[in-house]
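The primary structure of each chain is shown beneath.
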Amino acid sequence: MPTPVLICDDSSFARKQMARALPKGWDVEVSFAGNGAEALDAIKAGKADILFLDLNMPVMDGYEALAAIRAQDLPTLTIVVSGDIQPEAQARVTQLGAMAFLKKPVGEEEIAQVLTQYGIRGTDKADAAPVQVEVDIRDGYKEVANVAMGQAADFLARLLNVFVLMPVPHVNMIDSADLRMALSAVAVGQNVSAVCQGFIGAGIAGEALLLFHESSFQDIAELTQYQGKIDGNAELELLMDMANILIGACLKGLADQLEVSFSQGPPVVLGRHVQVSDLLKGNTLRWKQTLAIEMGYRIENRKISCDLLLLLTEDSIASLNKRLQYLIG
Amino acid sequence: MAGGQIELGELHWLLDVLQSIDIGLVVLDRDYKVQVWNSFMANHSGLPSRDVISKPFLQVFPDVPEDWFRRKVESVRMLKNRAFTTWEQRPYLLRFKNYRPITGAAEYMFQNITFIPLTSVTGEVEYIGVVINDVTDIAMSRQDLEAANLELAHLSRSDRLSQLNNRGYWEECLQQEFRRLKRTHGPGALVMFDIDHFKKVNDTYGHPAGDEVIRQTSGRLRETMRNTDIAGRYGGEEFVAILVDTAADGAQIFAERLRSVIAAQTVRHDQHEIRYTISLGVAEMQERIESPKQWIECADRALYEAKHGGRNRVVLYQFPAGV
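Predicted model only: the values in this text are computed from it and were never measured. (Residues numbered from 1 in each chain as written. Chains lettered and ligands numbered in written order. Predicted model: local features only at pLDDT ≥ 70, side-chain atom pairs only at ≥ 80, totals over all residues. Heavy atoms only, no water.)

A. Here's a closer look at the packing of aromatic side chains. All names here are of chain B. One pass over the full model with this rule turns up 17 aromatic pairs over all chains. Centroid distance Tyr317 to Phe319: 4.9 Å. Interplanar angle 90°. Geometry classified as edge-to-face. Among the residues examined, Tyr317 registers a relative accessible area of 19% and is labelled buried. You can call Phe319 buried: its relative accessible area is 17%. Three or more aromatic residues joined by ring pairs make a cluster, and in this case those are Tyr32, Trp37, Phe57, Phe61, Trp68, Phe69 and Phe115. Above the face of the Trp68 ring, Arg90 is positioned so that its terminal group lies 4.1 Å from the ring centre. (Phe/Tyr/Trp six-rings, centres within 6.5 Å; stacked < 30°, edge-to-face > 60°. Buried < 20%, exposed > 50% of the residue type's maximum accessible area, 1.4 Å probe, protein only. Lys NZ or Arg CZ within 6 Å of the ring centre and 35° of its normal.)

B. Representation of the interface of chain A and chain B within the structure. Taken together, the contacts link 28 residues of chain A with 16 residues of chain B. In this assembly, chain A packs against chain B so that about 1700 Å² is buried in total across both faces, 55% of it on carbon and sulfur atoms. Our enumeration of links across chain A and chain B arrives at one salt bridge. Residue Asp315 of chain A pairs with Lys97 of chain B through a salt bridge whose shortest N-O separation is 3.0 Å. (Contact = heavy atoms within 4.5 Å. Buried area = accessible area lost by both parts, 1.4 Å probe. Salt bridge = Lys/Arg side-chain N within 4 Å of Asp/Glu carboxyl O.)

C. Structural context of a nonpolar patch on the surface. On the surface, Ile6, Leu8, Leu11, Leu15 and Leu18 of chain B cluster together into a nonpolar patch covering about 480 Å² of accessible area. Note on placement: Leu8 of chain B falls in helix α1 (residues 8–20). (Patch = residues over 30% accessible without salt bridge, like charges linked within 9 Å, V, L, I, M, F, W, Y side chains within 5 Å. Areas by Shrake-Rupley, 256 points an atom, 1.4 Å probe, with all protein chains shown as cover. Helix = DSSP H or I, 4+ residues; strand = E, 2+ residues; numbered from the N terminus.)

D. Highlighting the environment of Val30 of chain A. All names here are of chain A. Mapped onto the elements, Val30 comes out in strand β2 (residues 28–33). By relative accessible area, which is 17% here, Val30 ends up buried. Considered as a pair, Val30 and Val269 are 239 residues apart in the sequence and their alpha carbons are 49 Å apart.

This is the structure we're talking about:
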């Protein structure tokens, strides 16, 4: 009898990646859920002896789902598969009763290893048909961004010894005329300091733009145990440190997944203590559309927030899509 | 690298430096075939090294001007001396995208190029290194600075309301033209005019209306004169123009045309329709005029007579007979 397996992830791309990584020939009946609430229903319907559970999802996230599974004593073994790989995230899900924690992007061997470790793999079926999943390519952008963002958050968490809250990244095509507006929406009414850094490689070119909210400097200084007065120079130093960590880790995460390597230009300070709407003032923008991936970082119990935007040129999209296709076969 | 011996381990990280450094590095052999193509080159050109290595550089990049390129490379080879080109001579060797394609102002990457002779153990230059530096930010700041300086120069010379030369700069131009005429003994004329009853315009319709009259008058002056003539706003409602290479009769024709154009036009401001006239004095350059100041006094004298003669007219300054 096939084992009922449930894959719960808000991204169709991640669902497909996950389904592909299940051991070949394992006799399973795969179902899917797009958030924690759907997963609970599926478990109750007996579709999830094994649950592969994402953490960052809309409606009901993975933490809430784990808590509900425990509270209602639902019959499933949960393996968390997450882009958020902070030590604290792992500790929290283990405490909530998850059996194992796998880092995205997840490979076939890692899954097989966990299944063997817990003695789950039972019967094999020789002619298992591959599972069909419809994939929206925008979910692909979102998923690789999510994983890259998770790697950056992990750096930050370990460096500052904090827990970084990671919302789901937003993906949009933006007209050049609307870029200023889109940026303003990221930080409404706030003064920000901004650093941007160009990157290019394998036909993919763009800029990483870090918007650092002004109110964050004091807390960052405390967390990094910065000695001395927080003057303009100190702020610039802190800003650049944050930019190096977040942009560097995020681009590396992206490049690793796409199996490319980027050249990175020197970081450029676009503005300090300015309204976001003033950041690009006077620039004539030469392109029509950009693929914008927006990632917001907040630090738990601190007034620290910043937004990292990846802006990709229109002519990068073909190459990006091609590489995403490799990932899901 | 003690004693000049490079260990294999060292070679590995040395090559890693060359690969990953954020500067373009190309090495060409005697036949201009590419021997080294680092990741900066691969990423910015979009051509991975497998597509370029061992291929003739000029064939892979036909847009590079061949004669120029060969001349550079051969001189480096022959003289065993480095050669440099800057973005000012030639904006780029290879047209790459701006490193910041979204927020950057430049369309492409400005490059400084260095050609380096690479000698073999026999002392022969067997290879040429080509180093590409991204200097887009420098080029853009330079261009911004030049534009700002031009704007500043313009601002310091012009009168904001009329967009004509201001008095200070116009007087400098007059000095220059006066000296030129003293040397060439060519023809030249000076026109000075003012708006009749301008105070009444201000009092009746308000100062914004007066400003509009100044703007319109300056506009007609610019349209009537030639590009080479030099006009300025001399005082509140007083204007001047140096008519280059123009004798008395030509200057009178110019002044008369301007007078009639102004008299025929209606300036609209808010609900008001304003009609007004100007009086003009013309002074031709003569040998006996000894200074720019004296030339202006002649034109001013003629203007005074135009006013007293009933306004809305042109008067040519008459030099006293026999002097």
